[in-house]
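These are the residues of each chain, in order.
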Amino acid sequence: MASSGEPRANLGAIGGGGTDEVLSAGALLGLSVEEFDAADVETLGDAELADELVGMRRAIDRLEAQFSRRLVRFEAIQGYESAGATNLLSWLRWACRMGTSAAARRLHMARQLIELPQTESAWRSGAISSGHAAVIGRAVDEVGAEHARSAEPTLLEAAEHMNPGHVWLVGQQIRHTVDPDGALAASNAAYARRRLNLTTNIDGALELAGLFDAEGGAVLRTAIDALTRPLPGDQRISAQRRADALVELARRQLDGGVLPGAGGQRPHLNITVSAGALRREDDAPPAELEWVGPITADTVRRLGCDAVRCTLVLDERGSPLSVGRATRTISPALRRALIVRDRGCRFPGCDRPPSWTDAHHLVHWADEGDTEIKNLVLLCRPHHRFVHEEGWTLRWGDGAEVLATPP
Ligand SMILES: [Zn+2]
Ligand SMILES: [Zn+2]
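This one's a predicted model, so the numbers in the text were calculated from it and none came from an experiment.

**Overview of helix H10 (residues 214-225)**
Along its 12 residues, H10 runs 16 Å from first to last C-alpha, staying within 8% of the 16 Å computed at 1.5 Å per residue. Along H10, only 0 of the 12 residues are buried, which leaves the element largely exposed.

**A short note on the UniProt feature "domain: HNH nuclease" (unreviewed entry) in the chain**
In the UniProt entry, the feature "domain: HNH nuclease" (unreviewed entry) is given for residues 333-385. Annotation note: span residues 333-385, helix share 28%, strand share 19%, distance between end C-alpha atoms 25 Å.

**Observations regarding the pairing of strand S12 (residues 393-396)**
Where a strand is regular, its side chains alternate between the two sheet faces. As paired strands, S12 and strand S13 (residues 402-405) are joined by 4 bridges and run antiparallel to one another. Paired with Leu 394 across the strands is Ala 404, a residue of S13. Where S12 folds back onto S13 in an antiparallel hairpin, the turn is made up of 5 residues.

**A few points about the pairing of strand S11 (residues 376-380)**
For S11, the tally of buried residues reaches 5 of 5 residues, placing the bulk of the element in the interior. In S11, alternate side chains face the same way, and those of Leu 376, Leu 378 and Cys 380 on one face and Val 377 and Leu 379 on the other are all buried. Where strand S10 (residues 357-361) lies against S11, 5 bridges are found, and the strand directions are antiparallel. Bridge pairing in S11 places Ala 359 opposite Leu 378.

**Thoughts on unusual backbone geometry**
Of note, the phi angle at Arg 343 is positive, near 60°, even though the residue is not glycine. Inspection of the secondary structure assignment puts Arg 343 in the loop between helix H14 (332-342) and S10. The class of Arg 343 is partly exposed, set by 13 C-beta atoms lying within 10 Å. Not every positive phi belongs to a glycine, and Glu 368 is a case in point at roughly 70°. When you line up the elements, Glu 368 lands in the loop between S10 and S11.

**Side note on the domain arrangement of the chain**
Parsing the chain into structural domains produces domain 1 (1-29), domain 2 (39-180), domain 3 (193-256) and domain 4 (332-405). Across the contact, 5 residues belong to domain 3 and 5 residues belong to domain 4. Class assignment for the residues of the side of domain 3 that touches domain 4 results in 2 nonpolar, 1 polar and 2 charged.

**Notes on helix H15 (residues 381-389)**
Working note: α-helix, 3.6 residues per turn, so residues spaced by three or four point in the same direction. Listing the buried residues of H15 in full gives Pro 382, His 383, His 384, Phe 386, Val 387 and His 388. Gly 391 sits one or two positions beyond H15 and adopts a positive phi of about 80°.

Reading guide: rules and limits
Residues numbered from 1 in each chain as written. Chains lettered and ligands numbered in written order. Predicted model: local features only at pLDDT ≥ 70, side-chain atom pairs only at ≥ 80, totals over all residues. Helix = DSSP H or I, 4+ residues; strand = E, 2+ residues; numbered from the N terminus. Expected span 1.5 Å × (residues − 1). Buried ≥ 20, exposed ≤ 12 C-beta atoms within 10 Å, placed from the backbone. UniProt positions renumbered as here; feature names shortened; annotations may be inferred. Pairing = 2+ DSSP bridges. Domains from an automatic or database assignment. Contact = placed C-beta atoms within 7 Å. Nonpolar A, V, L, I, M, F, W, Y, C, P; charged D, E, K, R; others polar.

Structure (structure tokens):
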């Protein structure tokens, strides 16, 4: 039964019969897993599935504890060297097929728990989960082994009836009590690490990567969460809704005009476009968006639907001859009338409030459409995009309803 060449472990009397047969850990576990593999999961009811999921998770956690225990020993005797590896991490990557961060995390946690024997044994017995053990282990780094050991009983007690996230909060409370200077230093260090990198890709898309301190992060999350509610029949995944929410947040701020002005004007999107490009004529030079470069005519037409416009006449060398007055496409009075009539986005099934909307020209002003209430409807930004960039068409139905036809 035992396969050769695998690390062997004497796991006690296996298979009964009093033989001293030794089965490798991998082979023994493999046999159990094969039994589960043979089951037809389609036939399992919800209670059975729940039972199995809980049971398996407990067993996986206990097995993780055993893995961790052996890992500590393997490191102490430098067992990886006889396998030809220079360090334990690379051995874990190669022999255990683990990713670098997963291997590093396990190893770090195994080392932390050397300092916390009570936690290690609670993990082995299944009294706490791997998530709990990870959170409690972190106390060693945060407050030092001695303080961590004195906090250990409280944390283990919390783990009996709290999920790992809540145990972490208990740990933070203890930390602020036993080591207020350290907690302040850590919070200051997190604040010092804050950053936001904005990179424009070749295709004009903006890539955003950042890190915020806890308080800044909470403010940002609260503001974004407030704008991520899905629409009826929303096809957007949550990451897309968060991206839209962040843009919406910025747009509201710009529209509100409370940001410090740039060059005597309200900061906003600056687009330079020829009349030909607005009419989608083939030989017209593309429109340009400041910071981004060329953008499609459909996007310009959408942005132009409801914008502040300013005519700039250029001579043949591209020097300005005259600059017209900046005027709003939609006057404040017209917008108020639209809000009274539409009360929000008019796309069928959408109920976003007026503050989310642009005024859309059913026949674009660049195509001689009138800026009059009968040629205008309020559309939220995602639905305004549907119409311009994604090929939907809108028209008035027989009554006062708006009909939408997909591309
Ligand atoms: Zn429009
Ligand atoms: Zn809408």
